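A structural walkthrough
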Amino acid sequence: MSEDILITEKKRFHIEEAILVLLLILSLVGIGIMDFSPADGYGYWLILVVVFCLFAMIIGWLQSKHRADDFKIILREQSIHWFTSLLIVGGIFLIHQSGRIAEEDAGLIILLILSLSTILDGLRVGWRFSLVGLFLGVAAVVSVYTPHFLWVELGIAILIVAVTIAWELWMEKKAQL
């Protein structure tokens, strides 16, 4: 493996890891907001769907640098995936506006939709993205059953980051052997 490719892979790892950490932090902020103000939490998750879309496109762009022809396909697939997720979130908003579900429930449902969308998109852009989706799903369930859920979720987020870094270091060491 040439040194240029190794540097590129390392740089991509650092960018993807930074995105993972940022998405986990944004998720924890959203969970905190949802706990204190369900109406604000609902809006926050709506915005986060767009943020997750942008980060998924960035990761797709990083992965397509070696295959420039694939970038258009990645962009189209990402746009369709996240636009349909946004449409479903809009449907939850309309159901909430009709009075059929409470604000707290709407926020949790959007969180679960974002979780599913992120897990499924992780199949396309990488396992780290799926980990964020799994974290969101676990966070939704933990927040319902645990009174001090933010600390539990913070611990889970730290564990996810530590495991991904350890995994990458192990893979790098294995590749050098």
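You'll find the structure just up there.
The following paragraphs examine the structure supplied in this document. (Residues numbered from 1 in each chain as written. Predicted model: local features only at pLDDT ≥ 70, side-chain atom pairs only at ≥ 80, totals over all residues. Heavy atoms only, no water.)

When the terminal C-alpha atoms of helix α4 (residues 103-125) are compared, their 32 Å separation across 23 residues agrees well with the 33 Å that a helix rising 1.5 Å per residue should span. Every buried residue of α4 is listed here: Ala106, Gly107, Ile110, Leu111, Ile113, Leu114, Ser115, Ser117, Thr118, Asp121, Gly122 and Val125. (Helix = DSSP H or I, 4+ residues; strand = E, 2+ residues; numbered from the N terminus. Expected span 1.5 Å × (residues − 1). Buried < 20%, exposed > 50% of the residue type's maximum accessible area, 1.4 Å probe, protein only.)

A cluster of acidic side chains, namely Asp40, Glu103, Glu104 and Asp105, defines a negative patch on the protein surface. In terms of residues, the negative patch owes the most to one element, α4, which gives three residues. By the element assignment, Asp40 lies in helix α2 (residues 38-64). (Patch = residues over 30% accessible without salt bridge, like charges linked within 9 Å, V, L, I, M, F, W, Y side chains within 5 Å. Areas by Shrake-Rupley, 256 points an atom, 1.4 Å probe, with all protein chains shown as cover. Salt bridge = Lys/Arg side-chain N within 4 Å of Asp/Glu carboxyl O. Lys, Arg positive; Asp, Glu negative; His and termini not counted. Charge placed at Lys NZ, Arg CZ, Asp CG, Glu CD.)

If you walk through the whole model with that rule in mind, you get five aromatic pairs. With centroids separated by 6.5 Å and ring planes inclined at 55°, the aromatic side chains of Phe52 and Trp82 adopt a geometry described as tilted. One end of the pair, Phe52, is in helix α2; the other, Trp82, is in helix α3 (residues 70-97), with 30 residues separating them in the sequence. Assigned by exposure class, Phe52 and Trp82 land together as buried. Here the aromatic rings of Trp167 and Trp170 are separated by 5.4 Å at their centres, their planes lie at 45°, and the arrangement is tilted. (Phe/Tyr/Trp six-rings, centres within 6.5 Å; stacked < 30°, edge-to-face > 60°.)

Membership of the largest hydrophobic core comes to 38 residues, with the highest contact counts inside it found for Trp45, Phe52, Trp82, Leu114 and Phe129. At the level of elements, α1 (3-36), α2, α3, α4, α5 (127-145) and α6 (149-176) are the ones that each hand at least two residues to this core. Considering each element in turn, this core owes the most residues, eleven residues, to α2. Setting aside anything within four residues of it in sequence, one finds Trp82 in contact with Val49, Phe52, Cys53, Ala56, Leu114, Ser117, Thr118, Asp121 and Phe129. (Core = buried A, V, L, I, M, F, W, Y, C linked by side-chain atoms within 4.5 Å. Contact = heavy atoms within 4.5 Å.)

Proximity of charged atoms lets side chains of opposite charge pair with each other. As enumerated under the stated definition, the model contains five salt bridges in all. One salt bridge connects Arg128 with Glu17, and the closest N-O pair in it is separated by 3.2 Å. Taken together, the residues Arg128 in helix α5 and Glu17 in helix α1 connect sequence positions 111 residues apart. Note on accessibility: Arg128 and Glu17 belong to one class, buried.

Next up on the list: the environment of Leu46. Along the chain, Leu46 turns up in helix α2. Once the C-alpha coordinates of Leu46 and Leu154 are considered, the two residues, 108 residues apart in sequence, prove to be 22 Å apart. Setting aside anything within four residues of it in sequence, one finds Leu46 in contact with Leu86, Val89 and Ile110.

Keep in mind these values describe shape, not function.
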